[in-house]
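Residue-level structure breakdown
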Amino acid sequence: QVQLIEIGGGAVQSGGSLSLSCVASGGSLGRYSMAWFRQAPGKEREFVAGSTWHGIVQYEEFAKGRFTVFLDDAQDRLSLQMNTLNTDDTAPYYCAAAHTWAQIRANEIEYWGQGTLVNVSS
């Protein structure tokens, strides 16, 4: 059974940076598309950024220019570098994987991580 394990997150002041990683455990997710989602309190879960297995990346509008996503397909590792964080970025961040990019964007996720909290203070 494949599990996604998120590493990173934590507390940072507004304007700061954080890095998240997600690794697959218990099996390989070679040629899967992977992405980050987040769910702020009182809001629906939303797409943040992601990558197809061959390196095509996509960002939600709020992440463009501030976040960088990278998928190392050989290592089953998805990373997210977040810069210039603000309080609106506060949320648990979830790693997700699906066989196709269309599934990712349709929220038809095959594997979810347990989430890691990002807390940005003013």
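Here the structure is a predicted model, which means the values were calculated and not measured.

Aromatic ring pairs: the centre-centre distance and the angle between the two ring planes describe each pair. With the rule as written, the count across this model stands at five aromatic pairs. Considering the side-chain rings of Y32 and Y111, the 6.1 Å spacing of their centres and the 50° angle between planes classify their relative orientation as tilted. With Y32 in the loop between β3 (18-25) and β4 (33-38) and Y111 in strand β10 (residues 111-112), the pair connects residues that are 79 residues apart, well separated along the chain. For Y32, a relative accessible area of 11% gives the class buried. Taking the centre distance of 6.4 Å and the plane angle of 90° together, the rings of Y94 and W112 count as edge-to-face. Of this pair, Y94 sits in strand β9 (residues 91-98) while W112 sits in strand β10, and the two are 18 residues apart along the sequence. A relative accessible area of 15% means that Y94 is categorised as buried. One aromatic cluster is present, built from ring pairs that chain together F37, F47, Y94, W101 and W112.

Judged by nonpolar contacts, the single largest core of 28 residues is most densely connected at W36, L80, M82 and Y93. Counting residues per element, the ones that place at least two in this core are β3, β4, β5 (46-51), β7 (67-72), β8 (77-82), β9 and β11 (116-121). Each residue touching Y93, except ones within four places of it in the same chain, is listed here: E6, L20, W36, F37, R38, V48, F67, L80, M82, G115, T116 and V118.

A few words now on the sheet that holds β8. Spatially, the four strands line up as an open sheet ordered β1-β3-β8-β7, and their pairing is antiparallel. Only two strands of the sheet have a single neighbouring strand rather than two, namely β1 (3-8) and β7. The average undirected angle you get between the axes of adjacent strands in this sheet is 15°. In the sheet, β7 pairs with β8 via six bridges, with the strands oriented antiparallel. The partner of D72 across the bridge, within β8, is R77.

Here the structure, examined in full by the defined rule, presents five salt bridges. Between R38 and D89 there is a salt bridge, with the nearest N and O atoms lying 2.9 Å from each other. With a gap of 51 residues between them, R38 in strand β4 and D89 in the loop between β8 and β9 connect regions that are remote in the sequence. There is no split in this pair, since R38 and D89 are both buried. Several salt bridges share partner residues, and in doing so they unite R38, E46, R66 and D89 into one network.

Basis of the calculations
- Starting afresh in each chain, residues are numbered from 1 along the sequence in its written order.
- With pLDDT at 70 or above as the cut-off, local features in this predicted model cover only qualifying residues; side-chain atom pairs require 80 or more to be listed or tallied, and sums for whole chains, interfaces and linings still use all residues.
- Hydrogens and water are ignored here; the side-chain numbers use all heavy atoms of the structure.
- Pairing of aromatic side chains requires ring centres within 6.5 Å, counting the rings of Phe and Tyr and the six-membered ring of Trp. Pairs whose planes differ by under 30 degrees are stacked, by over 60 edge-to-face, and all others tilted.
- Put simply, DSSP marks the helices as runs of H or I at least four residues long and the strands as runs of E at least two long, and each gets a number from the N terminus on.
- Partly exposed describes any residue whose relative accessible area lies between the buried limit of under 20% and the exposed limit of over 50%, with all areas from a 1.4 Å probe on protein chains only and scaled to the type maximum.
- For this analysis, a nonpolar core means a set of buried residues of the types Ala, Val, Leu, Ile, Met, Phe, Trp, Tyr and Cys, connected via side-chain atoms within 4.5 Å.
- Note on definitions: a residue-residue contact is assigned when non-hydrogen atoms from the two residues lie within 4.5 Å.
- One bridge is not enough; two strands pair if DSSP finds at least two bridges between them.
- The axes are straight lines fitted to the C-alpha atoms, using for helices just the contacting stretch, and the angles between their N-to-C directions are given from 0 to 180°.
- A carboxyl oxygen of Asp or Glu within 4 Å of a side-chain nitrogen of Lys or Arg is what we treat as a salt bridge.

Purely geometric stuff here, so don't read any function into it on its own.
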